[in-house]
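Results of the structural survey
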Amino acid sequence: MCATCGCAADGAEIRLIAGAGADHEHGHDHDAGHGYDAGHGHEVGDGYEPGHGHGHGHDAGHGHEAGHGHEADHGHVAAPRAGESDRTVLLQHKILARNDGIAGRNRDWLRQRGVLMLNLMSSPGAGKTTLLERTARDLAGTLSFAVIEGDLQTALDATRIGAAGCRVVQINTGVGCHLDAAMVASALRVLDPAAGSMVIIENVGNLVCPAMFDLGEAVRVVLASVPEGADKPVKYPHMFRQADLVLLSKADLLPYVNFDTERYTSDVRAISPGARMMRLSAVTGEGMPDWYQWLRDRNPAAAGR
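Glancing now at the packing of aromatic side chains. Per the counting criterion, the structure on display carries two aromatic pairs. Taking 5.8 Å as the distance between ring centres and 15° as the angle between the ring planes, the aromatic pair formed by Trp 291 and Trp 294 counts as stacked. Within this pair, Trp 291 and its partner Trp 294 are both found in helix H8 (residues 288-297), separated by three residues, close to a single helical turn. For the pair shown, Trp 291 and Trp 294 are each scored as buried.

Here we come to the nonpolar core. Counting residues in hydrophobic clusters, the biggest one holds 33 residues, and the most contacted among them are Leu 118, Phe 145, Val 221, Leu 247, Trp 291, Trp 294 and Leu 295. For this core, the elements supplying multiple residues, two or more each, are strand S3 (116-121), helix H2 (128-138), strand S4 (145-151), helix H3 (156-163), strand S6 (198-202), strand S7 (219-225), strand S8 (245-249) and H8. Counting residues per element, this core draws most heavily on H8, at five residues. Excluding anything up to four places from it in sequence, Leu 295 contacts Leu 118, Thr 135, Leu 139, Leu 143 and Met 198. Grouped together as the second largest cluster of nonpolar side chains are 26 residues, Trp 109, Leu 110, Leu 179 and Val 190 included.

Summarising the model, the chain shows a mean pLDDT of 81, and 71% of its residues fall at 70 or more. Taken as a whole, residues 20-48 scores under 50 in pLDDT and shows 71 contacts with residues more than four places along the chain or in a different chain. Across residues 51-80, where pLDDT falls below 50, the model places 64 contacts with residues more than four positions away in sequence or in other chains.

Two elements in contact, H2 and H8, have axes whose closest approach is 11 Å; the angle formed by their N-to-C orientations is 70°. Comparing the axis directions of H2 and H8 gives the class roughly perpendicular. Note on element contacts: H8 touches H2 through Met 288, Trp 291, Tyr 292 and Leu 295, opposite Leu 131, Arg 134, Thr 135 and Asp 138. Here the contact of H2 with H8 is composed, by residue class, of five nonpolar, one polar and two charged.

The next thing to look at is the packing of H2 against H3. Taken N-terminus to C-terminus, the directions of H2 and H3 make an angle of 15°; their axes are 9 Å apart at the nearest point. Relative to H3, H2 is oriented roughly parallel. Judged by the sense of rotation from one axis to the other, the crossing of H2 with H3 is right-handed. Contact residues: H2 offers Thr 129, Thr 130, Leu 132, Glu 133 and Arg 137, while H3 offers Asp 157, Arg 160, Ile 161 and Ala 163. Residues of the contact of H2 with H3, tallied by class, amount to three nonpolar, two polar and four charged.

One pass over the structure, following the stated rule, counts 11 salt bridges. Across the pair Arg 111 and Asp 108 runs a salt bridge, and its minimum N-O distance is 2.8 Å. Taken as a pair, Arg 111 and Asp 108 lie in helix H1 (residues 86-113) at a separation of three residues, close to a single helical turn. Since its relative accessible area comes to 44%, Arg 111 is described here as partly exposed.

This part covers the environment of Ala 230. Tracing the backbone through its elements, the reader meets Ala 230 in the loop between S7 and helix H5 (232-235). The spatial distance from the C-alpha of Ala 230 to the C-alpha of Thr 265 is 8.7 Å, given a sequence separation of 35 residues. Contacts of Ala 230, omitting those with residues within four sequence positions, involve Phe 259, Asp 260, Arg 263, Tyr 264 and Asp 267.

We now examine helix H7 (residues 261-271). Listed as buried for H7 are Tyr 264, Asp 267, Val 268 and Ile 271. For H7, the angular spread of the buried residues around the axis is 100°, confining them to a single face. Of the exposed residues in H7, the ones pointing more than 90 degrees away from its buried face are Glu 262 and Ala 270. On the buried face of H7, the contacting elements are S7, H5, helix H6 (237-241), S8 and strand S9 (276-279). Where H7 starts, the residue carrying a side-chain oxygen 3.2 Å from the main-chain nitrogen of Glu 262 turns out to be Asp 260.

Where burial is concerned, most of helix H4 (residues 181-191) is hidden: 10 out of the 11 residues are buried. Ala 181, Ala 182, Met 183, Val 184, Ala 185, Ser 186, Ala 187, Leu 188, Val 190 and Leu 191 are the residues of H4 that are buried. The opening residue of H4 is Asp 180, an N-cap whose side-chain oxygen sits 3.2 Å from the backbone nitrogen of Ala 182. In the segment just after H4, Asp 192 is the residue with positive phi, at about 50°.

The rules we used
Residues numbered from 1 in each chain as written. Predicted model: local features only at pLDDT ≥ 70, side-chain atom pairs only at ≥ 80, totals over all residues. Heavy atoms only, no water. Phe/Tyr/Trp six-rings, centres within 6.5 Å; stacked < 30°, edge-to-face > 60°. Helix = DSSP H or I, 4+ residues; strand = E, 2+ residues; numbered from the N terminus. Buried < 20%, exposed > 50% of the residue type's maximum accessible area, 1.4 Å probe, protein only. Core = buried A, V, L, I, M, F, W, Y, C linked by side-chain atoms within 4.5 Å. Contact = heavy atoms within 4.5 Å. pLDDT = per-residue confidence, 0-100. Axes fitted to C-alpha atoms, helices over the stretch in contact; angles between N-to-C directions. Parallel < 35°, antiparallel > 145°, perpendicular 65-115°, else oblique. Nonpolar A, V, L, I, M, F, W, Y, C, P; charged D, E, K, R; others polar. Left-handed = near helix turned anticlockwise from the far one by under 90°. Salt bridge = Lys/Arg side-chain N within 4 Å of Asp/Glu carboxyl O. Arc of directions from axis to C-beta. Polar contact = N/O pair within 3.5 Å; in protein donor to acceptor, adjacent residues only side chain to side chain.

Laid out in structure tokens, this is it:
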């Protein structure tokens with residue numbers, strides 16, 4: 001059980017669901033182990049690597065490199081209140097340090113392959129899957145990316161992404177409210193992304209715990225939708241503070257919803273001054289060209305030319 005958020009993620013299951021662009025399909029489930037515990041019990045320094053051994057002792061601190069706008073405060077653990085044990089706080093630190101060690105090895109492995117990984121986070125229903133579906137279809141043949149799908153149950157979203165033409169790996173966390181670096185390490189092994197490609201993680205829908213767990217990503221994208229209301233940045237500042245890009249989705253609903261765009265923009269600017277902001281609709285196509293250009297600008301294949 002995760003002492004940071006109280007969820008139990010030891011029973012995560014990982015499956016490859018082949019999309020139209022997949023060259024092969026695994027017909028069996030991958031339990032998140034592959035010989036190790038994909039929950040929070042995986043020990044830092046045990047030599048595991050997602051691609052069978054390319055790590056070189058990356059700093060097992062908080063993982064995010066300078067220049068990406070991430071703060072190294074994934075734990076953000078307050079002193080124990082009266083009645084809380086020091087052991088609880090210590091366990092939280094151990095869980096996060098263990099996770100960050102694996103995240104660092106994920107980051108090393110991806111860098112050596114020339115693969116860029118993005119962590120896409122939002123509340124449930126904000127439009128992550130719809131955004132990725134349209135992106136996959138519109139950029140087919142021009143930008144190569146695969147998807148790691150995180151959900152408590154079902155492969156519904158992974159099936160949609162696969163139908164849009166992407167290779168996709170489904171991680172079902174059971175009751176776990178976030179993905180962790182060990183789950184992503186195992187998914188990367190199954191996905192085996194090609195050099196010069198991109199991997200987009202669609203994290204479990206949650207505006208709290210996913211912000212605390214470094215997965216080895218190079219970029220963090222936070223999606224908030226118009227129907228959720230303009231107060232999300234101030235209610236969930238840690239999530240927005242970690243973002244490189246903040247997307248306001250379902251912009252086509254602005255005429256029908258009481259959404260204060262000025263307040264929202266001001267709050268995001270105050271909380272995450274370095275984050276870029278975009279407004280878009282995956283239904284009408286509004287703002288999508290800017291999103292596509294943002295992805296192209298970070299395309300590892302283009303950078304290598």
